[in-house]
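Commentary on secondary and tertiary structure
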Amino acid sequence: MPDEIKPNLNESPTHDSELAAESIASGEEKAPTVDFDADYAAAQQFSVSEVDRTGKGGAAAEAATAPKYKTSKPQETKTEAQSTGNPKDYAELAKEVGNSKTEGVTNVSDDLVKQALEKGERKN
């Protein structure tokens, strides 16, 4: 069912739209009509392409988005830290890192990391 457009002179954003609204209001021009249901139905026709209606569209989309290179699947590894059970092993390391509870950042050198790794590898 077509609806008639009724222009509002106070809401015309441009001079041309003001002139068009005035000529429609005076009866010089006929107000345009819009059939929303027919426009919606026509829009539905254009929302799906012909390729997508045949099934070739899905294959084309899959080919276009397929990865060019194969990727390996990540392997899950479990890492468990072995506790030595001897707190003396870490006492020296703790002193080197810093013993201030308010000090948020410390300098970590390669040697310090190496020492930590060595102490972690020791077994009693």
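Residues numbered from 1 in each chain as written. Predicted model: local features only at pLDDT ≥ 70, side-chain atom pairs only at ≥ 80, totals over all residues. Heavy atoms only, no water.

Thoughts on the overall build of the chain
Assigned secondary structure in the chain consists of six helices and two strands. The helix and strand sequence of the chain, counted from the amino end, reads β-α-β-α-α-α-α-α. Here the chain holds 124 residues, and the buried ones make up 10% of them. For the chain, contacts bridging at least 24 residues in sequence account for 57% of all contacts bridging at least 6. (Helix = DSSP H or I, 4+ residues; strand = E, 2+ residues; numbered from the N terminus. Buried < 20%, exposed > 50% of the residue type's maximum accessible area, 1.4 Å probe, protein only. Contact = heavy atoms within 4.5 Å.)

Some thoughts on helix H1 (residues 15-26)
Over its 12 residues, H1 runs 16 Å from end to end, which matches the ideal 16 Å to within 8%, given 1.5 Å per residue. For H1, every residue scored as buried is listed here: Ala 21, Ser 23 and Ile 24. Taken down its axis, H1 places every buried residue within 165° of arc, on the same side. Facing away from the buried surface of H1 by more than 90 degrees, the exposed residues are His 15 and Ala 25. Phi turns positive one or two residues past the end of H1, at Gly 27, with a value near 95°. (Expected span 1.5 Å × (residues − 1). Arc of directions from axis to C-beta.)

Details of the side chain of Ser 23
With respect to the helices, strands and loops of the structure, Ser 23 is situated in helix H1. The buried category is assigned to Ser 23, whose relative accessible area is 9%. Among residues more than four places away in sequence, those in contact with Ser 23 are Glu 28 and Glu 29.

Digging into a nonpolar patch on the surface
A surface patch of nonpolar side chains, about 270 Å² in accessible area, is lined by Val 108, Val 113 and Leu 117. By secondary structure assignment, the location of Leu 117 is in helix H6 (residues 110-121). (Patch = residues over 30% accessible without salt bridge, like charges linked within 9 Å, V, L, I, M, F, W, Y side chains within 5 Å. Areas by Shrake-Rupley, 256 points an atom, 1.4 Å probe, with all protein chains shown as cover. Salt bridge = Lys/Arg side-chain N within 4 Å of Asp/Glu carboxyl O.)

Considering the confidence of the model for the chain
A low pLDDT means the predicted coordinates there should not be read in detail. Taken as a whole, the chain shows an average pLDDT of 78; of its residues, 85% reach a score of 70 or greater. Confidence, read as mean pLDDT per element, is least for strand E1 (residues 3-4) in the chain (70) and greatest for helix H2 (residues 36-46) (88). (pLDDT = per-residue confidence, 0-100.)

Points about the environment of Lys 119
By the secondary structure assignment, Lys 119 is in helix H6. Residue class for Lys 119 comes out buried when judged on its relative accessible area of 7%. C-alpha separation for the pair Lys 119 and Asp 89, spaced 30 residues apart in sequence, amounts to 6.6 Å.

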